[in-house]
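# Commentary on secondary and tertiary structure
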Amino acid sequence: MHRNQKYWRTLDFTCVDSSFGYPVYSIERHHFHHLLYQAADGKNTVLLNSAVVDIEDDPSESHVSVKLADDSKFHAQVVVGADGIRSVTRRILARQAGINGKNTIRFTGRVHMSGYTAPLDNLGPKDLGVANWVFYDDSILTTWPCIENRQWYIGVKKAEVNGQEEMDRSVWANTTPSTVNDVYGKRFHPFAKSGEFKDIVDRSERVIASNVFEEAELPTMSKHRVALLGDAAHSMTSFFGQGACQAIEDATELANALHLYFASTRHGKEDHVPTTRRSDSSRLEQVLCDYSDKRVERAKALVAFSENYAKVHTANLPYGLGPLVRKLIFAYLPEWGWVDVGIEVAVWLPTEDQPTGYKTFL
């Protein structure tokens, strides 16, 4: 960790092995996406470049219908919206509830600029697995280690927006390395050949800039036979790295609940227990309500925690205490304190139970 060019400290997170029972693992996001695609049975179940325009959930019907922009329809016993912070699923549910245009996310006033580089030839084996946090006077820059000494970097600063349209945009159009260099190019970074971050940005294979949003209020995570998970249900700032983690927790909890529901439904049919479409629909609706009730309080807590952590991270606290509090935490808090925070956030281990019978629209 550095404050401008001044070295603050080094944290060794290999200590988490003794606290959690397993070491730190890392995986590149695009590779993780590929693994998820394979796990979902690839093109047999995943429809790429598909746009959902409506969801029809009539309790008298045995299925929920999903309508795509090309007028094709798919039918399922349950629909799960995991379609991100600008969730189409959530907007459809809001429209059906008579709250057209309801938006429960808010702009945080910050912009992220990030990129992924080619291997940096000035780095060696000792640099593998080493991340860097650099706190500048008006922004923050973090670089995370990737395979072959590639770097994934992300800079955070106060956004300078002109008008509501720029404030509402998520991803900036036409972002280039020059966009990032205009802000961070001359800033110090310990992995840069010349000491200026421009050396790293110029090795970028892809870059992106986006405004940062978070949840303003948490609606229910289910309605009838439709459920939400991840950012579609509870978007939060990325400062504590909990967005994807909470999506995984949601998916685990929902998968377990659905597994028990479908297992009991199957056993009921085998035992010739009479059911009706409406009773099946009501039971499934209750299962999803229970899932929502179980997850929403934790989600609320982590949305609030992530925002408060962002204020510490950016030294934006009342009475001008931000810089002092940030230095005390990042420069002096013992390693066991960082591990304890991780324990409080909690780790969920998946079960061997797997949900079956799904269709994914991307």
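Presented here is an overview of the structure given in this document. On a predicted model such as this, the values are computed, not experimentally measured, just so you know.

With a phi close to 70°, aspartate 41 is a non-glycine residue in the positive phi region. When you line up the elements, aspartate 41 lands in the loop between α2 (29-39) and β3 (46-47). A relative accessible area of 44% means that aspartate 41 is categorised as partly exposed. Phi is positive for histidine 224, close to 55°, though the residue is something other than glycine. Position of histidine 224 relative to the elements: it lies in the loop between β13 (222-223) and β14 (226-228).

A word on the side chain of serine 87. Checked against the element boundaries, serine 87 lands in the loop between β7 (79-81) and α3 (88-96). Residue class for serine 87 comes out buried when judged on its relative accessible area of 1%. When neighbours within four sequence positions are excluded, serine 87 is seen to be in contact with Leu228 and Ala232.

So, on to helix α5 (residues 177-184). By the burial criterion, the buried members of α5 are Val180, Asn181, Val183 and Tyr184. Looking straight down α5, one finds its buried side chains confined to an arc of 165°; they lie on one side. Residues of α5 that are buried sit in contact with β8 (105-117), β10 (139-145), β11 (151-158), α6 (198-201) and β12 (204-215).

On to the pattern of salt bridges, then. Applying the stated criterion to the full structure yields 16 salt bridges. When the shortest N-O distance is used, the salt bridge between glutamate 56 and lysine 73 registers 3.0 Å. A residue pair is termed long-range when its members are at least 10 positions apart, and glutamate 56 in strand β4 (residues 52-56) and lysine 73 in strand β6 (residues 73-76) qualify at 17 residues. Note on glutamate 56: relative accessible area 34%, which makes it partly exposed. Given a relative accessible area of 40%, lysine 73 falls into the partly exposed group. Between aspartate 71 and lysine 67 there is a salt bridge whose closest N-O contact spans 3.9 Å.

So, about the side chain of arginine 150. As for its placement among the helices and strands, arginine 150 is situated in the loop between β10 and β11. With relative accessibility at 16%, the residue arginine 150 sits in the buried group. If we skip the residues at most four places from it in the chain, arginine 150 touches Glu28, Tyr116, Thr117, Ala118, Pro119, Trp144, Pro145 and Glu205.

On to the sheet that holds β11. The mixed open sheet is built from seven strands, whose spatial order is β2-β1-β9-β10-β11-β8-β12. Bordering the open sheet on either side are β2 (6-7) and β12, each of which pairs with just one other strand. Where strand β1 (residues 2-3) and strand β9 (residues 132-135) come together, two bridges link them in parallel fashion. For arginine 3, the partnering residue across the bridge sits in β9 and is phenylalanine 135. Strands β8, β10, β11 and β12 of the sheet are contacted by α5, whose axis makes an angle of about 60° with β11.

Calculation notes
The written sequence of each chain sets the order in which its residues are numbered from 1. Thresholds applied to this predicted model are a pLDDT of at least 70 for local features of residues and 80 or more for the giving and counting of side-chain atom pairs; totals over whole chains, interfaces and linings are not thresholded and use all residues. In computing side-chain properties, one takes all heavy atoms of the structure into account and sets aside hydrogens as well as water. Helix numbers and strand numbers start at the N terminus; a helix is a DSSP run of H or I with at least 4 residues, a strand a run of E with at least 2. In this scheme, a residue with accessible area under 20% of its type's maximum is buried, one over 50% is exposed, and one in between is partly exposed, where area comes from a 1.4 Å probe on protein chains only. For this analysis, residues touch if any pair of their heavy atoms sits within 4.5 Å. Within this analysis, the arc is defined by the directions that extend from the helix axis to the C-beta atoms. The salt bridge definition used is simple: a Lys or Arg side-chain nitrogen within 4 Å of an Asp or Glu carboxyl oxygen. In short, DSSP must find at least two bridges between two strands for them to pair. Here an axis means a line fitted to C-alpha atoms, over the contact stretch when the element is a helix, while the angle between two N-to-C directions is reported on a 0 to 180 degree scale.

Take it as geometry only, folks, not as evidence of what the structure does.
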